[in-house]
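A closer look at the structure
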Amino acid sequence: MTPEQFRSFASAVRNGAGHLGSDIRVQESRAAGTARPDSDIDIAIRVSPERFNQLIRERFGTPNPGIVKERTMLHALEERFGYPVDISVIREGGPFDRGPWVPLPNE
């Protein structure tokens, strides 16, 4: 991915998922520099434990919230950038809050 493509990708992710939290990072193989050409892009949205619990209550308090919208958004990112994209909300200090990280740039 070129620097311009990465900026465009970051903007698309922030526009689509930035309402969940502002600390958005690339993690796993792409951040570690071990990605293959067909590797997905793992995105972590780091939030406080309080915000994490709030999001869990919001998402699982109602049956099947936003599933079609979320799938459509992820598919649109994959179509636009040519890589599978996996976006996760993770709790700061939780088991998935580990590097390496590459912060997504702000626009």
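Located above this text is the structure these notes cover.
Rules of the game
Every chain begins its residue count from 1, and numbering advances along the sequence as written. A pLDDT threshold of at least 70 governs which residues receive local features in this predicted model, and a stricter bar of 80 or more applies before side-chain atom pairs are shown or counted, although totals over entire chains, interfaces and linings include all residues. Note: side-chain values were computed over all heavy atoms of the structure, leaving out hydrogens and water. Two aromatic rings, drawn from Phe, Tyr or Trp (for Trp, its six-membered ring), form a pair once their centres lie within 6.5 Å of each other, and the interplanar angle then sorts them: stacked below 30 degrees, edge-to-face above 60, tilted otherwise. Sitting over a ring, as applied to charges here, requires NZ of Lys or CZ of Arg to be within 6 Å of the ring centre and within 35 degrees of the ring normal. Any two strands are treated as partners once DSSP identifies two or more bridges connecting them. Secondary structure elements are taken from DSSP: a helix is a run of H or I of four residues or more, a strand is a run of E of two residues or more, and numbering for both begins at the N terminus. A fitted line through C-alpha atoms serves as each axis, taken over the contacting stretch for helices, and the angle formed by two N-to-C directions is quoted from 0 to 180°. Any two residues having at least one pair of non-hydrogen atoms within 4.5 Å are treated as being in contact.

1. Things to note about the packing of aromatic side chains
- Following the criterion strictly, the structure yields zero aromatic pairs and no others.
- Its guanidinium or amino end placed over the ring of Trp101, Arg46 lies 5.7 Å from that ring's centre, counting from NZ or CZ.
- A cation over a ring is seen here: Arg91 above Phe52, with NZ or CZ 5.4 Å from the ring centre.

2. Considerations on the sheet that holds strand E1 (residues 23-27)
- Here we have four strands laid out as an open sheet, ordered E3-E2-E1-E4, and mixed in their pairing. Each edge of the open sheet carries a strand with a single partner, namely strand E3 (85-91) and strand E4 (101-103). Averaged over all pairs of adjacent strands, the angle between their axes in this sheet comes to 35 degrees, without regard to strand direction.
- As defined by bridge partners, E1 adjoins E4 across three bridges and the pair is classed as antiparallel. Bridging from a neighbouring strand, Val26 pairs with Val102 of E4.
- Taken strand by strand, helix H1 (residues 3-17) contacts E1, strand E2 (41-47), E3 and E4, and its axis lies near 45 degrees from that of E2.

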